[in-house]
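Results of the structural survey
These are the residues of each chain, in order.
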Amino acid sequence: MSCLSSGTFYATTRSMEILVQALQVIVALGLLNVWLIRASKSTPYRGGDAETISEEFATYGLPTFMIFVVGGLKVIIALAMIVGIWVNAVIVPAAAVLIVLMLGAFVMHLKVKDPIKKAIPSLLMLGMAAGLLNSVRTVADMRRKLDEQDEHNLRPKGSQDEE
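Residues numbered from 1 in each chain as written. Predicted model: local features only at pLDDT ≥ 70, side-chain atom pairs only at ≥ 80, totals over all residues. Heavy atoms only, no water.

1. What about the overall build of the chain?
- Of regular secondary structure, the chain possesses five helices and zero strands.
- Helices and strands in the chain line up, N terminus first, as α-α-α-α-α.
- Compactness check: the chain gives a C-alpha radius of gyration of 21 Å against a globular reference of 15 Å for 163 residues, more than 25% above the reference.
- With the C-alpha coordinates aligned to their principal axes, the bounding extent of the chain is approximately 75 × 25 × 20 Å.
- Within the chain, the proportion of its 163 residues that are buried is 31%. (Helix = DSSP H or I, 4+ residues; strand = E, 2+ residues; numbered from the N terminus. Rg over C-alpha atoms; globule rule 2.2 N^0.38 Å. Buried < 20%, exposed > 50% of the residue type's maximum accessible area, 1.4 Å probe, protein only.)

Shown next as structure tokens:
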């Protein structure tokens, strides 16, 4: 932090917090859109020649119950991303599970030999989840440094440690 003034460091930290929250909302809305609004609609990104999520899972050779497992997890992750705006502790586990699911989605596209275009949404979501995982930790470290600086600045002058 020696290169930045405390005001600049605070502004940078706050900007990062806002960026992380925006990414959380984008991820949440994307997941909810796919699983609650567009589940029975055709998109150019479905695996194989599938028109719906059910057909897509069948194309991948997955059992029907996996639709509910994956869909349930993705809706829970979306809700966790929204809750994470106020409760940061839920973001890392939600992002980690999303990374696993998106890696699985990418592998399924490879399995059925889809063109890479069909895997783009899973790769973008994977990238956003990985970005969240890294950014949440970075922001937490930045926030911790700010708190340490605040504690240092609030000590009575005679009690400050020599640095």
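2. Observations concerning a negative patch on the surface
- Side chains of Asp147, Glu148, Asp150 and Glu151 sit close together on the surface and give a patch of like negative charge.
- Considering the arrangement of structural elements, one finds aspartate 150 in helix α5 (residues 116-154). (Patch = residues over 30% accessible without salt bridge, like charges linked within 9 Å, V, L, I, M, F, W, Y side chains within 5 Å. Areas by Shrake-Rupley, 256 points an atom, 1.4 Å probe, with all protein chains shown as cover. Salt bridge = Lys/Arg side-chain N within 4 Å of Asp/Glu carboxyl O. Lys, Arg positive; Asp, Glu negative; His and termini not counted. Charge placed at Lys NZ, Arg CZ, Asp CG, Glu CD.)

3. Quick notes on the nonpolar core
- Ranked by size, the top nonpolar core spans 27 residues in total, and within it Val27, Leu31, Ile77, Met81 and Leu98 carry the most contacts.
- Where this core is concerned, the elements lending two or more residues are α1 (6-37), α2 (53-59), α3 (65-83), α4 (91-111) and α5.
- Not counting chain neighbours up to four residues away, the residues in contact with methionine 81 comprise Gln24, Val27, Ala28, Ile91, Ala94, Ala95 and Leu132. (Core = buried A, V, L, I, M, F, W, Y, C linked by side-chain atoms within 4.5 Å. Contact = heavy atoms within 4.5 Å.)

4. Some words on the pattern of salt bridges
- Considering all chains together, one arrives at four salt bridges under this definition.
- Glutamate 17 is the salt-bridge partner of arginine 14, the closest N and O atoms lying 3.0 Å from each other. Of this pair, arginine 14 and glutamate 17 both sit in helix α1, three residues apart, roughly one helical turn.
- A relative accessible area of 33% places arginine 14 in the partly exposed class.
- Under the relative-accessibility criterion, glutamate 17 is labelled buried at 14%.
- Of the charged contacts in the structure, one is a salt bridge between aspartate 141 and arginine 144, with a shortest N-O distance of 2.3 Å. Taken together, the residues span about one helical turn, with aspartate 141 and arginine 144 both in helix α5 at a distance of three residues.
- Residue classification places arginine 144 among the partly exposed positions, given a relative accessible area of 45%.
- Sharing partners across several salt bridges, the network here consists of Arg14, Glu17 and Arg143.

5. Some remarks on α3
- For α3, spanning 19 residues, the distance from its first C-alpha to its last is 27 Å, which sits close to the expected 27 Å at 1.5 Å a residue.
- Within the sequence span of α3, burial applies to Ile67, Val70, Gly71, Lys74, Ile77, Ala78, Ala80 and Met81.
- Considering only its buried residues, α3 is in contact with α1, α2, α4 and α5. (Expected span 1.5 Å × (residues − 1).)

6. Things to note about the environment of glycine 48
- By the secondary structure assignment, glycine 48 is in the loop between α1 and α2.
- In this structure, the C-alpha to C-alpha distance between glycine 48 and lysine 113, residues 65 residues apart in sequence, is 8.0 Å.
- Setting aside chain neighbours within four positions, we find glycine 48 in contact with Thr59, Val112, Asp114 and Lys118.

7. Examining the side chain of threonine 52
- Residue position: threonine 52 is located in the loop between α1 and α2.
- A distance of 3.1 Å separates the side chain of threonine 52 from the backbone nitrogen of glutamate 55, its partner in a polar contact.
- Ignoring any residue separated from it by four or fewer positions in sequence, one finds threonine 52 in contact with Ala39, Ser40 and Arg46. (Polar contact = N/O pair within 3.5 Å; in protein donor to acceptor, adjacent residues only side chain to side chain.)

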